[in-house]
Amino acid sequence: QVRLVESGGGLVHAGGSLRLSCAASGPVRDIKNIYEYSWHRDRPGERRESVASIHVGGHTEYEDFSQGRFTITRDGAKNTAYLQMNNLRPDDTAVYFCHVWVYREPGKGTYESWGQGTQVTVSS
């Protein structure tokens, strides 16, 4: 199965920026069959929420809070997705998780994988 490792989290002042990375590894066939990367976050006391997603074809989607401040991209050659976060606010403080959907062999559906998360803390 695909394994995901996030990096790039840390402590930043309000108004600052961070770039998160999500590196995918595993069987070559599975890596080639990742069709969507997405970022999610767990804020203290809140349910996990979607942040942004990018389809292999390039289509991106954002939530209201991330639209205009965050940008999701992917580098197919490096099997890595990124989340550029600008103008960060204290309420962006959360553990950020990378997630992928992967096609199985034809006719056998899909599966998903999650990373372990990276902490982002925004101070006021």
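Above: the structure in question.
Fair warning: this is a prediction, and the values are worked out from it, not measured in the lab.

Attention shifts here to the overall build of the chain. Broken down by element type, the chain carries one helix and eleven strands. Along the chain, helices (α) and strands (β) appear in the sequence β-β-β-α-β-β-β-β-β-β-β-β when read from the amino end. With respect to the principal axes defined by its C-alpha atoms, the chain has extents near 50 × 25 × 25 Å. Within the chain, buried positions represent 40% of all 124 residues. Pairs at least 24 apart in sequence give 56% of the contacts found in the chain among residues at least 6 apart. Put simply, the chain has 14 plus and 14 minus side-chain charges, and the middle of one group is 6 Å from the middle of the other.

Relative to strand S3 (residues 18-25), strand S1 (residues 3-7) is paired through five bridges, and the arrangement is antiparallel. Looking across to S3, one finds that valine 5 is bridged to alanine 23. Looking at chain direction, S3 and strand S8 (residues 80-85) are connected through six bridges and run antiparallel. Counted as the bridge partner of cysteine 22 is alanine 81 from S8.

Okay, the pattern of salt bridges next. Counted by the stated rule, this structure contains eight salt bridges. A salt bridge links aspartate 92 to arginine 41; its shortest N-O distance comes to 2.9 Å. Note that aspartate 92 is positioned in the loop between S8 and strand S9 (94-103) and arginine 41 in strand S4 (residues 34-42), a separation of 51 residues in sequence. In this structure arginine 41 comes out as buried when scored by relative accessible area, which is 2%. A salt bridge links aspartate 42 to arginine 48, with the nearest nitrogen and oxygen atoms 2.9 Å apart. The exposure class assigned to aspartate 42 is partly exposed, which follows from its relative accessible area of 21%. For arginine 48, a relative accessible area of 39% gives the class partly exposed. Shared partners join several salt bridges into a network, and the residues in it are Arg41, Arg43, Glu49, Arg69 and Asp92.

Quick notes on the rules
Residues numbered from 1 in each chain as written. Predicted model: local features only at pLDDT ≥ 70, side-chain atom pairs only at ≥ 80, totals over all residues. Heavy atoms only, no water. Helix = DSSP H or I, 4+ residues; strand = E, 2+ residues; numbered from the N terminus. Buried < 20%, exposed > 50% of the residue type's maximum accessible area, 1.4 Å probe, protein only. Contact = heavy atoms within 4.5 Å. Lys, Arg positive; Asp, Glu negative; His and termini not counted. Charge placed at Lys NZ, Arg CZ, Asp CG, Glu CD. Pairing = 2+ DSSP bridges. Salt bridge = Lys/Arg side-chain N within 4 Å of Asp/Glu carboxyl O.

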